[in-house]
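Residue-level structure breakdown
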Amino acid sequence: QVQLVESGGGVVLPGESLRLTCAPSEPTTQSYHMAWFRQAPGKGREFVASVNWNGYTTIYQASVKGRFTISRDGAKNTAYLHMNRLKPDDTAIYYCADGAFTTGTYDNAANYDFWGQGTQVTVSS
């Protein structure tokens, strides 16, 4: 079974940038909707951003719109999350997910079938 692998997390200062990558553990020819969720200490998992299977539709949580950009490489079925102007409130474990759903909304975690193990992002001065 193909798994998702996240990378790119780390510790940065407020205002700095990071790029997260989510890639399948082995090559796959199928294209799925892909998304990033995050979970801060003591809080539930929340939607961050999503990109649909062909890359034409992207959706963002309001608090990251204008600072984060989600993109994908269709040939590799890999998703990226470019995070700029990071804030301490962005500190969380970031998870990527993919799914082949045809109904439901992109920001609903229940619609996604496969998840990565998560990568820690810490924004602190």
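Further up the page is the structure itself.
Because the structure is predicted, anything quoted here is derived from the model rather than measured. (Residues numbered from 1 in each chain as written. Predicted model: local features only at pLDDT ≥ 70, side-chain atom pairs only at ≥ 80, totals over all residues. Heavy atoms only, no water.)

**Comments concerning the packing of aromatic side chains**
One pass over the structure, following the stated rule, counts 5 aromatic pairs. Taken together, a centroid distance of 5.6 Å and an interplanar angle of 75° make the contact between Phe37 and Phe47 edge-to-face. Placement of the pair is Phe37 in strand β4 (residues 33–39) and Phe47 in strand β5 (residues 45–51), with a sequence separation of 10 residues. Note on accessibility: Phe37 and Phe47 belong to one class, buried. Ring geometry for Phe37 against Trp115: centres 5.1 Å apart, planes inclined by 50°, an arrangement best described as tilted. (Phe/Tyr/Trp six-rings, centres within 6.5 Å; stacked < 30°, edge-to-face > 60°. Helix = DSSP H or I, 4+ residues; strand = E, 2+ residues; numbered from the N terminus. Buried < 20%, exposed > 50% of the residue type's maximum accessible area, 1.4 Å probe, protein only.)

**Points about the sheet that holds strand β8 (residues 78–83)**
In spatial order, the strands read β1-β3-β8-β7; together these 4 strands make up an open sheet with antiparallel pairing. Each edge of the sheet is formed by a strand with only one pairing partner; in this case those strands are β1 (4–7) and β7 (68–73). For this sheet, the mean angle separating the axes of adjacent strands, direction not counted, is 15°. Where β1 lies against strand β3 (residues 18–24), 4 bridges are found, and the strand directions are antiparallel. The partner of Leu4 across the bridge, within β3, is Pro24. (Pairing = 2+ DSSP bridges. Axes fitted to C-alpha atoms, helices over the stretch in contact; angles between N-to-C directions.)

**Quick word on the pattern of salt bridges**
Under the counting rule described, the total for this entry stands at 3 salt bridges. A salt bridge links Arg38 to Asp90, with the shortest nitrogen-to-oxygen separation between them at 3.0 Å. Taken together, the residues Arg38 in strand β4 and Asp90 in the loop between β8 and β9 (92–99) connect sequence positions 52 residues apart. A relative accessible area of 5% places Arg38 in the buried class. Two residues, Asp90 and Arg67, come together in a salt bridge whose shortest N-O distance is 2.8 Å. Linking Asp90 in the loop between β8 and β9 with Arg67 in the loop between β6 (58–60) and β7, this pair joins segments that are 23 residues apart in sequence. Here Asp90 and Arg67 have matching classes, each one buried. Within this structure, Arg38, Glu46, Arg67 and Asp90 form a network of salt bridges that share partners. (Salt bridge = Lys/Arg side-chain N within 4 Å of Asp/Glu carboxyl O.)

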